[in-house]
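Fold and contact review
Residues per chain are reported as follows:
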Amino acid sequence: MNMRELGTRLQAIVDYVKPDQRVADVGCDHAYVSMELAEKKNCTAIAMDINEGPLKTAADNIYGQRLDKKIETRLSNGLEALNAGEVDAIVIAGMGGHLITDILRDGADKLRPGMQLVLSPQSDLRLVRYSLRKQNIFIDKETCLQEAGKWYFVMSCTVGMSLPMGVPDEVAKENMMYGSYLPEHPTDEFRAYLDWEAKGFEVLIKDLQKQKTPAARARRGSLEKQLEENRRLRESL
């Protein structure tokens, strides 16, 4: 229908979103995900971005495909411009894990039990998994994929019931490194990722062995534990 093509990562995000939902696309960039959801999943969307430039490009793209009745654009820092109860699902992708966790924490009042979150953090996966558990958000499915020489993870999550007390740290830290879904549903891509990650750990550990500072020793010890966990999981798959 047009020259728009989704890469592997964006297609995985679209595939995870349930049909017929009202969706907030946070950090929408060119709004390709919003447009695909409107066309292929019968969703309505609020395409949101903190920057006016990308948002104008998104609006032009949406209008050009005659989707302006199904997709609204909105200038927003995270979820600030979203009203509580306005959407059924939230997509956040194309940004680091620290920023994603900040957006979900600061916008906690916009989340409701049963809401779907589709997330694709570009870094700090352990922090994301930990923070989701602390907010009583559960990862239902997770995809590991490679695109343009870089590894990505896409998570489909469900917001749980609000908790009167916080989740204990020891509970939140369970399965931080790889989650529970991918180890239980391993794919060839996930196995390849583990092999790639192990090689990276080995290079870093070898480099740190040359450094004699306390910080280097502490960092090396942490990496050695992660490498051990990597190898233990890889051998079990």
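Below you will find a few notes about this structure. (Residues numbered from 1 in each chain as written. Predicted model: local features only at pLDDT ≥ 70, side-chain atom pairs only at ≥ 80, totals over all residues. Heavy atoms only, no water.)

**Brief notes about the sheet that holds strand β2 (residues 44-49)**
Put simply, the rule is: Strands pair, by our definition, only if DSSP identifies at least two bridges between them. Helix numbering and strand numbering both begin at the N terminus, where a helix is a DSSP run of H or I of at least 4 residues and a strand a DSSP run of E of at least 2. Angles shown run from 0 to 180 degrees and are taken between the N-to-C directions of axes, each axis being a line fitted to C-alpha atoms and, for helices, limited to the stretch in contact.
The strand order across the open sheet built from 7 strands is β3-β2-β1-β4-β5-β7-β6, with neighbouring strands paired in mixed fashion. In this open sheet, the two strands that pair with only one neighbour each are β3 (71-75) and β6 (137-147). Taken pair by pair, the neighbouring strands of this sheet meet at an average axis angle of 15°, ignoring direction. Pairing between β6 and strand β7 (residues 150-159): 10 bridges, direction antiparallel.

**Re the packing of aromatic side chains**
The test is simple: Here the aromatic set is Phe, Tyr and Trp, taking the six-membered ring for Trp, and pairing holds for ring centres within 6.5 Å; pairs whose planes are under 30 degrees apart are stacked, those over 60 apart are edge-to-face, and all others are tilted. Here the term buried applies to any residue with accessible area under 20% of the maximum for its type, exposed to any over 50%, and partly exposed to those in between, with areas from a 1.4 Å probe on protein chains only.
Throughout the structure, instances matching the rule amount to 4 aromatic pairs. Judged by centre distance (5.7 Å) and plane angle (75°), the ring pair of W151 and Y193 falls under edge-to-face. Here W151, found in strand β7, pairs with Y193, found in helix α8 (residues 188-208); they are 42 residues apart in sequence, far enough to count as distant. Across the pair, Y193 and W151 agree in class, each one buried.

**Description of the pairing of β2**
We apply this condition: With the strands pointing away from the viewer, any crossover whose connection runs clockwise from the first strand over the helix to the second is right-handed.
By the criterion of burial, β2 is predominantly enclosed, with 5 of the 6 residues buried. Taken together, the 5 bridges between strand β1 (residues 22-26) and β2 define a ladder with parallel strand orientation. Across the sheet, R22 pairs through a bridge with T44, a residue of β2. Crossover connection from β1 via helix α2 (residues 32-40) to parallel β2: handedness right-handed. For β2 and β3, the ladder comprises 5 bridges, and the chain directions are parallel. Bridged to A45 within β3 is I71.

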